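This is what each chain is made of:
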Amino acid sequence: MSADLTDSILYLDAVSVSFDGFRALHDLSFVVGRGELRAIIGPNGAGKTTMMDVVTGKTRPDKGIVIFDGSIDLTTRDEASIAAFGIGRKFQKPTVFDGQTVEDSLLLALEGPRSAFSALFGWRSRVAVEQIIDKLAIIRLGDLRSKLAGSLSHGQKQWLEIGMLLAQNPKLLLVDEPVAGMTDAETEETARLLTSIAGEHAVVVVEHDMSFVRALGCKVTCLHEGSVLAEGTIDSVSANERVIDVYLGR
Amino acid sequence: MFRRFVILFSVLIGLVALAAAPIRADDASLVLKRLATDNYGEIEAGVAALAASGLPVSEAVLTALADSRLSYRPSDKALFIKDTSGGWIDAATNAAPAEAPSGLKSVKLNNRVRRALEAALGSMTLMSPDPMKRIAAAEAVFKSRDANTLAPLDVVIGKEADPVVKRYFEEARAAVLLLKTDAPETDRVRAAERLGERGDQDSLALLGSVTEANATANIVSAAKLAAKGIESRLALLSTAQNAWYGLSLGSVLLLAAIGLAITFGVMGIINMAHGEMVMLGAYTTFVVQEIIRTKVPSLFDWSLPIAIPLAFCVSGLVGLLIERVIIRHLYGRPLETLLATWGVSLVLQQAVRSVFGANNREVGAPSYMAGVWDLGGFQITYGRLWIIVFSLVVFFALLGVMKGTSLGLRMRAVIQNRRMAAAMGIRTPVVDALTFALGSGVAGIAGVALSQIDNVSPNLGQSYIIDSFLVVVFGGVGNLWGTLLGALSLGLANKFLEPVAGAVLGKIILLAVIILFIQRRPRGLFALKGRAVDS
Amino acid sequence: MIAFFFRKFDRMATGFVILLAAIAILVPVLNLAVPEGSPFHIPTYLVSLWGKYLAFALLAVALDLVWGYCGILSLGHGAFFALGGYAMGMYLMRQIGTRGVYADPVLPDFMVFLNWKELPFTWYFFDHFAYAVVMVVLVPSVLALVFGWFAFRSRVTGVYLSIITQALTYALLLAFFRNDMGFGGNNGLTDFKDILGLSVQAPTTRAALFALTAVFLALGFLVARAIVVSRFGQVLAAIRDAESRTRFLGYRVESYKLLVFVVSAAMAGIAGALYVPQVGIINPSEFAPSNSIEAVIWVAVGGRGTLVGAALGAVLVNFAKTWLTGMLPEFWLYGLGALFILVTLFLPKGIIGALTSRFGRPGDGGAQ
Ligand SMILES: Nc1ncnc2c1ncn2[C@@H]1O[C@H](COP(=O)(O)OP(=O)(O)OP(=O)(O)O)[C@@H](O)[C@H]1O
Ligand SMILES: [Mg+2]
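Along each chain, residue indices are assigned from 1 in the same order as the chain's sequence is written. By the order in which they are written, chains take letters starting at A while ligands take numbers starting at 1. Local features in a predicted model are, by the rule used here, given only for residues with pLDDT of at least 70; side-chain atom pairs are given and counted only at 80 or more, and totals for whole chains, interfaces and linings are based on all residues. To get the side-chain values, take all heavy atoms of the structure and skip hydrogens and water.

**Describing the coordination of the magnesium ion (ligand 2)**
All names here are of chain A.
Argument step 1. Only nitrogen, oxygen and sulfur atoms qualify as donors, provided they sit within 2.8 Å of the metal or within 3.2 Å for Na, K and Ca; with water excluded from the atoms, sites may seem incomplete. Bound to the magnesium ion (ligand 2) are the protein donor atoms Thr49 (OG1) and Gln92 (OE1), situated 1.9 to 2.2 Å from the metal. Of this pair, threonine 49 sits in helix α2 (residues 48-56) while glutamine 92 sits in the loop between β6 (87-90) and α4 (102-109), placing them 43 residues apart in sequence.
Argument step 2. The buried label applies to any residue whose accessible area, calculated with a 1.4 Å probe on protein chains only, is under 20% of its type's maximum; exposed applies above 50%, and partly exposed to all values in between. Judged by relative accessible area, threonine 49 falls into the buried class, the value being 16%.
Argument step 3. Here glutamine 92 falls in the partly exposed class, since its relative accessible area comes to 36%. Helix and strand labels come from DSSP, where a helix needs a run of H or I of at least four residues and a strand needs a run of E of at least two; each type is numbered from the N terminus.

**A closer look at the pattern of salt bridges**
Argument step 1. Any carboxyl oxygen of Asp or Glu that lies within 4 Å of a side-chain nitrogen of Lys or Arg is treated as forming a salt bridge with it. Counted by the stated rule, this structure contains 42 salt bridges over all chains.
Argument step 2. One salt bridge in this structure joins arginine 34 of chain A and aspartate 69 of chain A, with 2.4 Å as the shortest N-O distance. Here the residue arginine 34 of chain A occupies a position in the loop between β2 (22-33) and β3 (37-41), and aspartate 69 of chain A occupies one in the loop between β4 (63-68) and β5 (72-73), the gap between them amounting to 35 residues.
Argument step 3. A relative accessible area of 44% places arginine 34 of chain A in the partly exposed class.
Argument step 4. A single network of salt bridges, built from pairs that share partners, joins Glu139, Arg167, Glu171, Arg198 and Asp200 of chain B.

**Considering the domain arrangement of chain B**
It is common to give the size of an interface as the accessible area that goes away when the parts come together.
Argument step 1. Domain delimitation follows an automatic or database domain assignment. Taken domain by domain, chain B consists of domain 1 (2-127) and domain 2 (240-520).
Argument step 2. Each of domain 1 of chain B and domain 2 of chain B was reduced to a C-alpha centroid, and the two centroids are 60 Å apart.

**A short note on the sheet that holds strand β1 (residues 8-19) of chain A**
Residue and element names in this part refer to chain A.
Argument step 1. If you walk across this open sheet you meet the four strands as β2-β1-β4-β5, and the pairing is antiparallel. Because the sheet does not close on itself, it has two edges, and the strands there are β2 and β5.
Argument step 2. Relative to β5, β4 runs antiparallel, the two being bridged by two bridges. Opposite phenylalanine 68, over in β5, you have isoleucine 72 as the bridge partner. Between any two strands, at least two bridges found by DSSP are needed for them to pair.

**A short note on the side chain of arginine 198 of chain B**
Residue and element names in this part refer to chain B.
Argument step 1. Along the polypeptide, arginine 198 turns up in helix α9 (residues 185-198).
Argument step 2. Within the local environment of arginine 198, its side chain forms a polar contact with the side chain of aspartate 200, the two groups lying 3.1 Å apart.
Argument step 3. Excluding anything up to four places from it in sequence, arginine 198 contacts Glu139, Phe142, Tyr168, Glu171, Ser203 and Arg233. Each polar contact in these results corresponds to two N or O atoms within 3.5 Å; when the atoms are within protein, one needs to be able to donate a hydrogen and the other to accept it, and residues that are neighboring in sequence are counted only if both atoms are side-chain atoms. Note on definitions: a residue-residue contact is assigned when non-hydrogen atoms from the two residues lie within 4.5 Å.

**So, the nonpolar core**
The nonpolar side chains of a soluble globular protein tend to be buried with one another.
Argument step 1. Residues belong to one nonpolar core when they are buried, are Ala, Val, Leu, Ile, Met, Phe, Trp, Tyr or Cys, and are joined through side-chain atoms within 4.5 Å. One finds Leu160 of chain A together with Phe264 of chain B to be the most contacted residues of the largest nonpolar core, which totals 276 residues.
Argument step 2. The greatest single-element share of this core, amounting to 18 residues, is contributed by helix α3 (residues 44-70) of chain C.
Argument step 3. In this structure, leucine 160 of chain A is in contact with Val96, Val102, Ser105, Leu106, Ile139, Leu141, Ala149 and Leu152 of chain A, ignoring residues within four places of it in sequence.
Argument step 4. Core analysis: the second largest hydrophobic core is formed by 42 residues, Val141, Val156, Leu195 and Ile388 of chain B among them.

**Re the interface of chain C and chain A**
Argument step 1. Listed as interface residues are 29 residues of chain C and, on the opposing side, 34 residues of chain A.
Argument step 2. The buried area of a pairing is the accessible area, by a 1.4 Å probe, that goes missing from both parts when the two are put together, added over both. It is Arg231, Arg245 and Phe248 of chain C that lose the most area in chain C upon contact with chain A, and together they represent 28% of the buried surface on that side.
Argument step 3. Our count for the chain C to chain A interface comes out at three salt bridges.
Argument step 4. With a shortest N-O distance of 2.7 Å, aspartate 78 of chain A and arginine 252 of chain C are connected by a salt bridge.

**Things to note about the packing of aromatic side chains**
Argument step 1. Pairing of aromatic side chains requires ring centres within 6.5 Å, counting the rings of Phe and Tyr and the six-membered ring of Trp. Pairs whose planes differ by under 30 degrees are stacked, by over 60 edge-to-face, and all others tilted. In total, this model carries 36 aromatic pairs over all chains according to the counting rule given.
Argument step 2. Between the aromatic rings of phenylalanine 56 of chain C and tyrosine 275 of chain C, the centroid separation amounts to 5.2 Å while the plane-to-plane angle is 35 degrees, which identifies the pairing as tilted. Of this pair, phenylalanine 56 of chain C sits in helix α3 while tyrosine 275 of chain C sits in helix α11 (residues 253-279), and the two are 219 residues apart along the sequence. Like phenylalanine 56 of chain C, the residue tyrosine 275 of chain C is buried in the burial classification.
Argument step 3. Clustering of aromatic rings is evident, with ring pairs tying together Tyr86, Phe110, Trp123, Phe176, Phe183 and Phe287 of chain C.
Argument step 4. In our convention, an over-ring charge means Lys NZ or Arg CZ found within 6 Å of a ring centre and within 35 degrees of that ring's normal. Lying over the aromatic face of tryptophan 159 of chain A, arginine 140 of chain A brings its terminal NZ or CZ to 5.4 Å of the ring centre.
Argument step 5. Sitting over the face of the ring of tyrosine 168 of chain B, arginine 167 of chain B holds its NZ or CZ atom 5.3 Å from the ring centroid.

**Looking at the interface of chain C and chain B**
Argument step 1. Taken together, the contacts link 41 residues of chain C with 40 residues of chain B.
Argument step 2. In total, about 3600 Å² of surface goes out of reach between chain C and chain B, with carbon and sulfur atoms giving 78% of it.
Argument step 3. When the buried area of chain C at its contact with chain B is split by residue, Tyr160, Ile163 and Tyr334 of chain C rank highest and sum to 18% of it.
Argument step 4. Our count for the chain C to chain B interface comes out at one salt bridge.
Argument step 5. Taken together, chain C and chain B are joined by three residue pairs in polar contact (both at pLDDT 80 or more).
Argument step 6. Of all the secondary structure elements, the ones that give two or more residues to the side of chain C that touches chain B are α6 (129-153), α7 (158-177), α12 (289-302) and α14 (331-346) of chain C.

**Some points on α7 of chain C**
Argument step 1. Taking 1.5 Å of rise per residue, 20 residues should cover 28 Å, and α7 of chain C covers 29 Å from first to last C-alpha, within 8% of that figure.
Argument step 2. In terms of residue burial, α7 of chain C counts as a mostly covered element, since 18 of its 20 residues are buried. In a helix, the anticipated span is given by 1.5 Å times the number of residues less one.

**Observations regarding unusual backbone geometry**
Negative phi is the rule for most residues except glycine; trans is the rule for most peptide bonds.
Argument step 1. A positive phi is found at arginine 140 of chain A, a non-glycine position, where the angle reads about 50 degrees.
Argument step 2. Relative to the helices and strands, arginine 140 of chain A resides in the loop between α6 (126-139) and α7 (154-168).
Argument step 3. Positive phi, normally seen in glycine, also occurs at leucine 196 of chain C, with a value near 50 degrees.
Argument step 4. With respect to the secondary-structure elements, leucine 196 of chain C resides in the loop between β2 (194-195) and β3 (198-199).

**Here's the deal with the side chain of aspartate 194 of chain C**
Residues and elements named next belong to chain C.
Argument step 1. Looking at the element boundaries, aspartate 194 is found in strand β2.
Argument step 2. Exposure remark for aspartate 194: the relative accessible area of 12% places this residue in the buried category.
Argument step 3. In this structure the side chain of aspartate 194 is engaged in a polar contact, spanning 3.0 Å, whose partner is the side chain of arginine 99.
Argument step 4. In contact with aspartate 194, not counting residues within four places along its chain, are Leu92, Gln95, Arg99, Ser199 and Val200.

**Comments concerning α11 of chain C**
Argument step 1. Taking 1.5 Å of rise per residue, the 27 residues of α11 of chain C would be expected to cover 39 Å, and the 39 Å separating its terminal C-alpha atoms lies within 8% of that figure.
Argument step 2. Just beyond α11 of chain C, the residue with positive phi is glycine 280 of chain C, at close to 80 degrees.

**Looking at the confidence of the model for chain B**
Residue and element names in this part refer to chain B.
Argument step 1. When pLDDT is averaged along chain B, the result is 82; 91% of the residues meet or exceed 70.
Argument step 2. The quantity called pLDDT is the predictor's confidence in a given residue, expressed from 0 to 100. Contacts for the low-pLDDT stretch residues 13-23, under 50 throughout, to residues beyond four places or in other chains number 12 contacts.
Argument step 3. With pLDDT under 50 throughout, residues 529-535 is counted as low confidence; its partners more than four residues away or in other chains account for seven contacts.
Argument step 4. Model confidence for the complex: the whole-complex pTM is 0.80, and ipTM, which rates the interface, is 0.87.

**Details of the packing of α4 of chain A against helix α9 (residues 231-241) of chain C**
Argument step 1. One way to put it is that α4 of chain A packs onto α9 of chain C with a least axis distance of 11 Å and a crossing angle of 105 degrees. Judged by the inter-axis angle, α4 of chain A sits roughly perpendicular to α9 of chain C. Within the contact between the two elements, α4 of chain A uses Asp104, Leu107 and Leu108 of chain A and α9 of chain C uses Arg231, Gln234, Val235 and Ala238 of chain C.
Argument step 2. Residues are grouped as follows: Ala, Val, Leu, Ile, Met, Phe, Trp, Tyr, Cys and Pro are nonpolar; Asp, Glu, Lys and Arg are charged; every other residue, Gly included, is polar. Taken together, the residues that form the contact of α4 of chain A with α9 of chain C break down as four nonpolar, one polar and two charged. Axes here mean lines fitted to C-alpha atoms, for a helix over just the part in contact, with angles spanning 0 to 180 degrees between N-to-C directions. Roughly parallel refers to an angle under 35 degrees, roughly antiparallel to one over 145, roughly perpendicular to one between 65 and 115, and oblique to any angle outside these ranges.

In structure tokens:
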């Protein structure tokens, strides 16, 4: 276990969360290694988003251990400091800053000092501008750079959020349903992007689109009723009887 | 002193005689005739005799004498009382004489007669046929503690059949005895106990004045013991009284907030014109009462029951209008709604000011709202009692509407998921309008009740708006039970703080506490949990 | 440092600052140097009246900074304004000295009247102008800091925040009404004689106060503008649009809010301090929640999130108020009420917002 812990970027052990008596997470335990790409699947209400809420500090677990980077206990930190440790998150429902341009949104997300005073007196550096151009190219929103984020389409907002996530340059990316609302071509593109950044960053992807998950070609964890039902390669998991029963269907 | 004693003695004799054999009717005129003279000594004696006679007219006659309104006709010694309008009444028959009497001489008073009159009137009321008057007389003795009243008191105590009145007599006697240094010790100890049983502020003061200087050690310790008993009783009483006031304030807050619990709590509309809906209800009550007063005064007691549905309609319609014209354009923009409805509130205030004037309007209380119910020092005013009852009735009626009717079901559906409700065929604009009208109408009903305890002026609503919001937020937005609990707990907290901190400071402290509380639990006491409220 | 204040200056901002500089010079000149008969003469009462408008404009700019740029709708900014005003009023009270009705060298009249023997500690040092000036800024800032620290840390947002800010000013209103608070109770502070040795009634003082108010309005505007065009301002806008998203990017939202709230409160306090010597009185009614809400409508009318619009709105609405209450007193409330309704329904971006979107020019917000 301790080897697990020190090698892991994210370590969850027996995490439970309940809302008004309803168990959303029930003794959930799993480990994500450094630089690993991991897909999480599971039926609606399995607790996937809640797991991300726990990791990012939005929801406090009732019990259990959540350790980041081998040593940082996340259960006592707030969202801002968890983000500062190097955890980035894309929400299931794309949330962008409606009143900001695409470029400014990326600038806000860009890695760098977050304190109020530095924001007051600092200004964008040349490096920052380059990075933004770089990210704009990746998410292919270069033409829309001065458009307001609020006026983007659903798919474009998804890309912008991914771009903001990349700009944050976190150690761990939590990506909740990134390809909902994307075309097939874009879905493939996203899979390629995520696999390419894995290694340098650890990535945890939640997705219902099984062909997308297959395209990721990584270890898969299936959640059900707040705990792990099966874990392994995509083939072993999708062959698992219980997974078929509760999620994939026969 | 001696003379006084004589008078009292004759009163006493009279009382004993009264007890033995009631004076017959023809004796009545004999007793009365004793006053028909200009000899002070005889008048004095006559006063005592009359007082002792127990005649029904004696009190009227003696009061008339005290006011110098008594005259006699020297020819037949008949007594006549000048009434307030200047006419004459035959004292013996207590009726106007057939023809106006002539050649009257007034019965004169000097200081001695006056003193006699006072004593006579005082002790006479102790045996008045009216038990309330007997009690009043006993209380007067309790206050004056005139040792001379002991003798008549002893007599009436022996005779009194009504246990309540008898208790008062005994308490009066105890009050006299307690500080009477020449009374036997056992009597005084018993008096102290008696006063302890009475247990009010006056008894406490009296017991406090017992010291070694005027009493033996036994008496002093008895007095101390009794005083201690009274003190703890009074503390309990004041707690109860505070709780009652708090409950009463809580019910007022509940009334003020209950409409807002719908418009703000359930619909999420920051309705700053809510107070004005309350105000419109109060003015509706005023108009109803004005019409009743001028047209059918006999219906006055019905004015509130009549005003309630009308106020609901008036405020409800105004609410409907506001929703249709303004608010429906602002759904999803709470801060804008706040500003627009604030504008509405200014317009409504000014409109009411233009129509009814800026001054307070008088709204009367029907007879059942007046009066006090005294539960042994614990006083309950009927007005407050009714308002508490009324606020609870309104609350549960509203709860019933929200939980039990199809409108309520649709309301909740629309509020929880507008799009889904619309997709299921619910006409959301209609539901919105009706919900807002309902909340406003309920505010109007609250106005009827508040018109009974507050000044009906164009500013009426302003004084409730902040409190109402705090109640709803404190109780937990979207939860009617929370509003009930919020209102009652704020009311109680306010009234228990008031004696400690003073009214204004108490209120400030409470505001500070609420501000802190909202910061601890931003969603109130009974917050809806779930994702809907996160966004 | 200078460059910091003039970053990303656009035409509107330049025009506004030049306008303020111009009236700061011109109005005193037209008042003092031009003889009374001349059509160009500006009477002293007008100077003070417009000085009052400018003080309100500064309050509006302060409010716009938090509401327009950070989405914090404070319904209690009147409290900060009034606290600044009281701090200045206390200095002015202590300048009266023996010229008061009771001629007490230390105690203000109302304290003598209440039979107080000693100056309460809250009044210590207020005879020094510098101390009063520090307090003008410090008291509102500290209140904003404490209040904001609690409120933002526990994530009270939106209308809940509005309601508790309103409760805050309401509580202060009740408190200042009390005589034993030692701030003149009901009547407040008035009958001022002089400021820095100059008579507050003298036309020269009034002209100077006017010019000073214009200068402070310009300064306030520059500070606010520097904040909103910086990265800090961008984060504020991000908070306004999606607060929790900003958190997940690693920004400590509460410190951003707190900083801007405190700056805004300090600005409002300065506005109050400029207001008091020009109107000659400060009393608890300045704490009335309705005042704070009225300030919000100034901002809404002019256009929130534009700063210039807020100032413009304050001047316009107050000018209309003076004019209407003079002509048809009972119609002022109708007018104000209608203004609230019409602006929110038909002019959600206010005058400046409507103008700029009409002519396709972006506002002077963070975006460019
Ligand atoms: N804040 C909350 N309050 C109450 N219940 C919640 C809350 N958050 C999550 N839940 C409940 O917890 C359960 C797990 O929700 P979660 O969003 O984690 O599911 P999910 O696996 O992400 O589902 P999906 O695939 O549909 O996104 C659900 O039943 C949900 O209703
Ligand atoms: Mg989910």
